[in-house]
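Observations on the model geometry
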Amino acid sequence: TLTTHAILKGVGVGSDAVNPLSATVTWVLKDGTGHLGRIMFAWWKGSELDIDSKKWRIRADILNDVAMGIDLFVLPYYPKAATYILCATTTMKAIVGVAGGATRSALTQHHAIRGNLADVAVLYGLFAFVTLVHIYANIKAVKAVCLRTFNEARYLIALEEYFKSGMMLSPQQVNKLERVTVGQTVSLTARVKIGCSVRELTEFYRNCYDLENLIACFDSRDKFLLAETRHYVGVYLHFTVKPLDIIKSYFYVASYLQDKSQLRDRYWEIQN
């Protein structure tokens, strides 16, 4: 939020002129003052909050707005007094928290029908139900969208069916199988890293003979190399690579992991 940004800037985050120790001390003093202010205010006015709930609710709202206004419009212009300003505004926000929490029960009692707090609980339950329905409706709406472009998940769904039956799924079928919440419908057995640095390749294949054998496995017209290391299958791209080359390289990776004895045949079949 804007106030959080102003507070962090006030304690010196992002400034070379402020050392980490002073910023930490300012933050500790700010939080400590807030806790102390919360305790003192509860001791001083705690018994009045429930009695004059409307009055203290308004005061809490006004005090909160004043504290945010000071953080936004005063703190940036007085960086040398940042510690004092932050201590003051944090204390004000602590008072807002105490007053708001204490008056909430009285206002909840008012909104309950005939003094029955269960009515408020029912409203909360209704809100939870409506929220769940809203989320479910959003999921169904997103599932109904039929995208005609590939992302990794949709591409893997199409490739899996092709590897199994030699048939290509339609965009509607692929979109229907794609998960839109958690996880993927199809995943590879190894991590794939596209756009690796050649330095990583030379660090793993230190023997020139191994590198020559690796390069010899691929057509010179290809704009990429594939190499399996301990932790992932790397795709090393030429600087003139095009989107179709990236799709082609990912097909090679999926085919390699699905059946390491085949790298190219199925790619040319799918082209035809």
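Reading guide: rules and limits
Residues numbered from 1 in each chain as written. Predicted model: local features only at pLDDT ≥ 70, side-chain atom pairs only at ≥ 80, totals over all residues. Heavy atoms only, no water. UniProt positions renumbered as here; feature names shortened; annotations may be inferred. Helix = DSSP H or I, 4+ residues; strand = E, 2+ residues; numbered from the N terminus. Expected span 1.5 Å × (residues − 1). Buried < 20%, exposed > 50% of the residue type's maximum accessible area, 1.4 Å probe, protein only. Arc of directions from axis to C-beta. Contact = heavy atoms within 4.5 Å. Polar contact = N/O pair within 3.5 Å; in protein donor to acceptor, adjacent residues only side chain to side chain. Lys, Arg positive; Asp, Glu negative; His and termini not counted. Salt bridge = Lys/Arg side-chain N within 4 Å of Asp/Glu carboxyl O. Core = buried A, V, L, I, M, F, W, Y, C linked by side-chain atoms within 4.5 Å. Domains from an automatic or database assignment. Pairing = 2+ DSSP bridges. Axes fitted to C-alpha atoms, helices over the stretch in contact; angles between N-to-C directions. Phe/Tyr/Trp six-rings, centres within 6.5 Å; stacked < 30°, edge-to-face > 60°.

As its UniProt record puts it under Sequence similarities (unreviewed entry), the protein is described as follows: "Belongs to the RUS1 family." Looking at the Subcellular location (unreviewed entry) heading of the UniProt record, one finds this comment for the protein: "Membrane".

1. A short note on helix α3 (residues 53-73)
The end-to-end C-alpha distance of α3, which contains 21 residues, comes to 30 Å, matching closely the 30 Å that a straight helix rising 1.5 Å per residue would cover. Three or more residues of α3 are buried, namely Ser53, Trp56, Ala60, Ala67 and Asp71. Each buried residue of α3 sits inside an arc of 60° when the element is viewed along its axis, so together they form one side. Opposite its buried face, α3 presents the exposed residues Lys54, Ile58, Asp65 and Phe73, each directed more than 90 degrees away.

2. Considering the environment of Lys143
Structurally, Lys143 can be placed in helix α5 (residues 118-144). Here Lys143 falls in the partly exposed class, since its relative accessible area comes to 31%. Ignoring anything within four residues of it in the chain, the contact list for Lys143 reads Asn175, Lys176, Leu177, Glu178 and Val180. Here Glu178 takes part through its backbone oxygen, which lies 2.9 Å from a polar atom of the side chain of Lys143.

3. With respect to the side chain of Asp245
One can find Asp245 in helix α10 (residues 243-258). Despite its burial, Asp245 pairs with no opposite charge; the closest candidate is Lys223, at 4.7 Å N-O. Sequence-distant contacts of Asp245, that is, excluding residues within four places in its chain, are made with Lys223 and Phe224.

4. A short note on the nonpolar core
Judged by nonpolar contacts, the single largest core of 28 residues is most densely connected at Leu159, Phe163, Leu226, Tyr236, Phe251, Tyr252 and Val253. Where this core is concerned, the elements lending two or more residues are α6 (152-165), β2 (224-228), β3 (233-237) and α10. A domain split of this core shows at least three residues from each of domain 3 (146-187) and domain 4 (188-266). Among the nonpolar cores identified, the runner-up in size contains seven residues, and Phe41, Leu49, Val96 and Val98 belong to it.

5. Overview of α6
When the terminal C-alpha atoms of α6 are compared, their 20 Å separation across 14 residues agrees well with the 20 Å that a helix rising 1.5 Å per residue should span. Along α6, the positions that sit buried rather than exposed are Ala153, Arg154, Tyr155, Leu156, Ile157, Ala158, Leu159, Tyr162 and Phe163. The N-cap residue of α6 is Asn151: its side-chain oxygen and the backbone nitrogen of Ala153 are 3.3 Å apart.

6. A few points about the sheet that holds β2
Two orientations exist for strands paired in a sheet by backbone hydrogen bonds: parallel and antiparallel. The strand order across the open sheet formed by three strands is β1-β3-β2, and the pairing between neighbours is mixed. The sheet terminates laterally at β1 (192-194) and β2, the two strands that pair on one side only. Averaged over all neighbouring strand pairs, the angle between strand axes comes to 15°, with direction disregarded. Inspection of the sheet shows β2 paired to β3 by five bridges, in the antiparallel sense. Pairing of Phe224 across the sheet is with Leu237, part of β3. Packing against the sheet, α10 makes contact with β1, β2 and β3, and its axis sits at approximately 25° to β2.

7. Looking at the pairing of β2
For β2, a buried count of four out of five residues is recorded, marking the element as mostly surrounded by other parts of the structure. In this antiparallel pair of consecutive strands, β2 and β3, the connection spans four residues.

8. Notes on the packing of aromatic side chains
If you walk through the whole model with that rule in mind, you get seven aromatic pairs. Look at Phe150 and Tyr155: their rings are 4.8 Å apart centre to centre, the planes differ by 45°, and that puts the pair in the tilted class. Judged by relative accessible area, Phe150 falls into the partly exposed class, the value being 46%. Taking the relative accessible area as the measure of exposure, Tyr155 reaches 10% and is therefore buried.

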